[in-house]
Structures are given as C-alpha cells and as structure tokens.
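This is what each chain is made of:
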Amino acid sequence: MILILKSNPEKNKVDDLLNRIDELGLKTHISEGMSHTIIGLIGDTSRIHIDMFESLEIVETAQRVSESFKAANRKLHPEDTVIDIGATSVGSNVFNVVAGPCSVESEEQIIEVAKAVKASGASMLRGGAFKPRTSPYAFQGLHGEGIRLLLEAKKETGLPIVTEIMSASDLDLFADVDVIQVGARNMQNFELLKELGHCDKPILLKRGLANTMEEFLMSAEYIMAGGNQNIILCERGIRTFETKTRNTLDISAVPMLKKLSHLPVFIDPSHAAGISWMVEPLAKAAIAIGADGLMIEVHNNPAKALCDGAQSLNPTQFDELMKDIRRRVEFEGKTI
Ligand code: PEP
Ligand code: MN
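Reading the values: rules and limits
- Residues numbered from 1 in each chain as written.
- Chains lettered and ligands numbered in written order.
- Predicted model: local features only at pLDDT ≥ 70, side-chain atom pairs only at ≥ 80, totals over all residues.
- Heavy atoms only, no water.
- Helix = DSSP H or I, 4+ residues; strand = E, 2+ residues; numbered from the N terminus.
- Phe/Tyr/Trp six-rings, centres within 6.5 Å; stacked < 30°, edge-to-face > 60°.
- Buried < 20%, exposed > 50% of the residue type's maximum accessible area, 1.4 Å probe, protein only.
- Donors = N, O, S within 2.8 Å, 3.2 Å for Na, K, Ca; no water.
- Axes fitted to C-alpha atoms, helices over the stretch in contact; angles between N-to-C directions.
- Parallel < 35°, antiparallel > 145°, perpendicular 65-115°, else oblique.
- Left-handed = near helix turned anticlockwise from the far one by under 90°.
- Contact = heavy atoms within 4.5 Å.
- Nonpolar A, V, L, I, M, F, W, Y, C, P; charged D, E, K, R; others polar.
- Core = buried A, V, L, I, M, F, W, Y, C linked by side-chain atoms within 4.5 Å.

A. The arrangement of unusual backbone geometry in detail. Notably, Asn-8 is not glycine yet its phi reads approximately 50 degrees, a positive angle. Even without being a glycine, Asp-308 presents a positive backbone phi close to 60 degrees. With respect to the helices, strands and loops of the structure, Asp-308 is situated in the loop between β14 (293-297) and α10 (315-331).

Shown next as structure tokens:
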C-alpha cells in the first residue's frame, strides 16, 4: 500500500502516522518527491482497510500496490534511483560502461586491460575472481588473489571495481570492492541475497538464465527487504530455443523493468550474444532503448582468455566501440 501525503504536511502528524504504521508491524519506505511525499507500507497489508489511512487529514490518497515487489516498485518510489559509485553515478544522466575481462588471470593482464578500458572511457572495471563455470574442470578464478589484483588495478587507474560473489561466506574478501555482482546462476540464491541485503555496497544483480522479469524484481526485493536499496539490474540474455547466439537478449526487459521499477537497468551484450562481433549492435540497441549502462567483456588477448574469449573484445575493438557509444549517448542527451 502507498500513502500519498498532501503537500507540506505537519511534521508531528507525519511522525504520528509513522508510529501508527510501526505499531501495525509494517515497515515504511519514504520517498520525498518535488511536490508530494509518498510513504510505502511494506509487509502484509491485506487486512488493513484503506479508509483507515484515507480518512487522515495529511493523507491525500491511499492505494494498494498489487505487485509482490514493493521496495523495488516505481509506485513507491517514482523517481529513478541514483547510485553514487566513486566519481560516477548510476541511474542519472550519466551512461556507465563497465568493462574488463571475464576473469582476472594475472597482474599484467588486469592492469593492462584496466588502463586500456579507462583510456577508452569506461567508468568501472569488471573482472571475475570467483567464476561460476559449467564444468568443475574449467578455470574457477583466482579467488582472494583475484580480488587483490583488481584492487591493484583500481590503485593504478582509479576505476571502481565490480566482481562476482558466489557465496556469502566470502563476503569479507569483498570489503574493498566497489560493486558486488550477483551472477545469473545465483539470481535466486535467496540466502546470498538476504546476506547482501545487510551490506552497504551497491549490488549488480544479473537476470537468471530462465527467469521472468517478475522473478528478477523479486530477487532485487530480497536484497532491498534487508535494507540495501542500491541495486543495478542487468539483463544478460535469457535461454530460448535459439542456438545461433549464446542467449537471447531480451531487449524489451529494459523499458518494462524501468516502468515497473525505479532501479537502474544495464545490458550485458557480451553474455547475451556470446560472439564478439555482435557486442556492437546489441550495445547500440541498449543505448537506443534507454538502458542506464553496459557491461562489456574486454581481454588483452581474447584468443588466449581462460574464460569467455569468444565474446570478448580486444582493447582496440573496445576503443572503437566506445567512440560510437559516446556519440550515441550524447545524441540521447546523456553524458558518459
Ligand atoms: C560474468 O559476468 O562473467 C558472468 C558469469 O555473467 P552471467 O552471470 O551473466 O553468466
Ligand atoms: Mn563471462
């Protein structure tokens, strides 16, 4: 349920209202807009009569929110969520490009890629230290050492770092990481999501391989229910009957998620396509449809990459793409 307050309500009346909601065992989410304040009631409101709130002097209207996602719902929070990360901000007028290798392989590799993507205009560095591989015999990542190398690359370039967590028991290793990524395969690892709800770092949450947008938003809700409101949704392609591409980029997820939710939405064209030449057209589509940013895999030697080489751009290809991205982003009235 949401309560839209009349403009300039008296503070003591708002406090009384909040106390009353608290006594009902509900949590609140307050959104202060330009003209109105909206109080979102989070919890089981099914037995509460709407008149109970509508009759209050400071309440203009009360409405039920039928969707199961509440904190992530745009009805509770009409303005876009903006997340400050280092020198950049996500969800604002700035279009962010997160770039880097699928996995951190060595100090030379990550420093070289970090310098290259920074020079081309990326605002964050990605690199997997814990890799969710289909085969247990494939390279699993450098784990704590991988995070240490990412932090070295951050020291060299100043780029905030984004890296994937697979288990809450590794959380201590992520203390200096800027953005924690939850991969497609863990989108419904509810215990992990609950733990991340208690941490104060932005979460880049990737859509599961076969999950609906509703399920995707409910996963964001798990994190938000714990208190962490800073979530970036990332569409990375879904499983369909098609085999020509690694996944099928669900481009329609961008306008739909942005309509339903106030959270920023990124596109990952690399995992969607699985083929390096297709990263460019999909990236252009992402900008045109209103995505807030991109996540792109870049490797200094894709042919030798230990993971996802076929979909990785080399630094020269990335630089070319960034020139094009910059023009298109500026055409959309945003900055990069
Ligand atoms: C990745 O970003 O390297 C990755 C494993 O992505 P996803 O979870 O989308 O497959
Ligand atoms: Mn990858």
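B. A look at the packing of aromatic side chains. Applying the stated criterion to the full structure yields 2 aromatic pairs. Ring centres of Phe-130 and Phe-174 lie 6.0 Å apart, and the angle between their planes is 25 degrees; on these two criteria the pair is classed as stacked. With Phe-130 in the loop between β8 (124-126) and α4 (144-157) and Phe-174 in the loop between β9 (161-165) and β10 (179-182), this pair connects stretches of sequence that are 44 residues apart. An angle of 25 degrees between the planes, with centres 4.5 Å apart, marks the rings of Phe-190 and Tyr-222 as stacked. Remark: Tyr-222 occurs in helix α6 (residues 213-225) and Phe-190 occurs in helix α5 (residues 190-197); sequence separation between them is 32 residues. The exposure class assigned to Phe-190 is partly exposed, which follows from its relative accessible area of 30%. Residue class for Tyr-222 comes out partly exposed when judged on its relative accessible area of 32%.

C. Examining the coordination of the manganese ion (ligand 2) more closely. Taken together, the protein donors to the manganese ion (ligand 2) comprise Cys-102 (SG), His-271 (NE2), Glu-297 (OE) and Asp-308 (OD), at separations of 2.1 to 2.4 Å. Linear spacing of the donor residues for the manganese ion (ligand 2) on their chain is C-x168-H-x25-E-x10-D. Of this pair, Cys-102 sits in the loop between β7 (96-100) and α3 (107-120) while Glu-297 sits in strand β14, placing them 195 residues apart in sequence. Both residues of the pair, Cys-102 and Glu-297, belong to the buried class.

D. Region of interest: the packing of α3 against α4. Viewed as axis vectors pointing N to C, α3 and α4 meet at an angle of 40 degrees, and their least axial separation amounts to 9 Å. Relative to α4, α3 is oriented oblique. The two elements α3 and α4 meet at a crossing, and its hand is right-handed. Note on element contacts: α4 touches α3 through Arg-148, Leu-149, Leu-150, Glu-152, Ala-153, Glu-156 and Thr-157, opposite Glu-107, Ile-110, Ile-111, Ala-114, Lys-115 and Lys-118. Across the contact of α3 with α4, the residue classes break down as 6 nonpolar, 1 polar and 6 charged.

E. Spotlight on the nonpolar core. Ranked by internal contacts, the top residues of the largest apolar core, which has 67 residues, are Leu-205, Leu-233, Ile-296, Phe-318 and Ile-325. Of the residues forming this core, the biggest block, 6 residues, is contributed by α6. Not counting chain neighbours up to four residues away, the residues in contact with Ile-325 comprise Phe-95, Val-97, Ile-287, Leu-294, Ile-296 and Ile-336. Listed in part, the 14 residues of the second largest apolar core include Val-14, Ile-48, Phe-53 and Ala-62.

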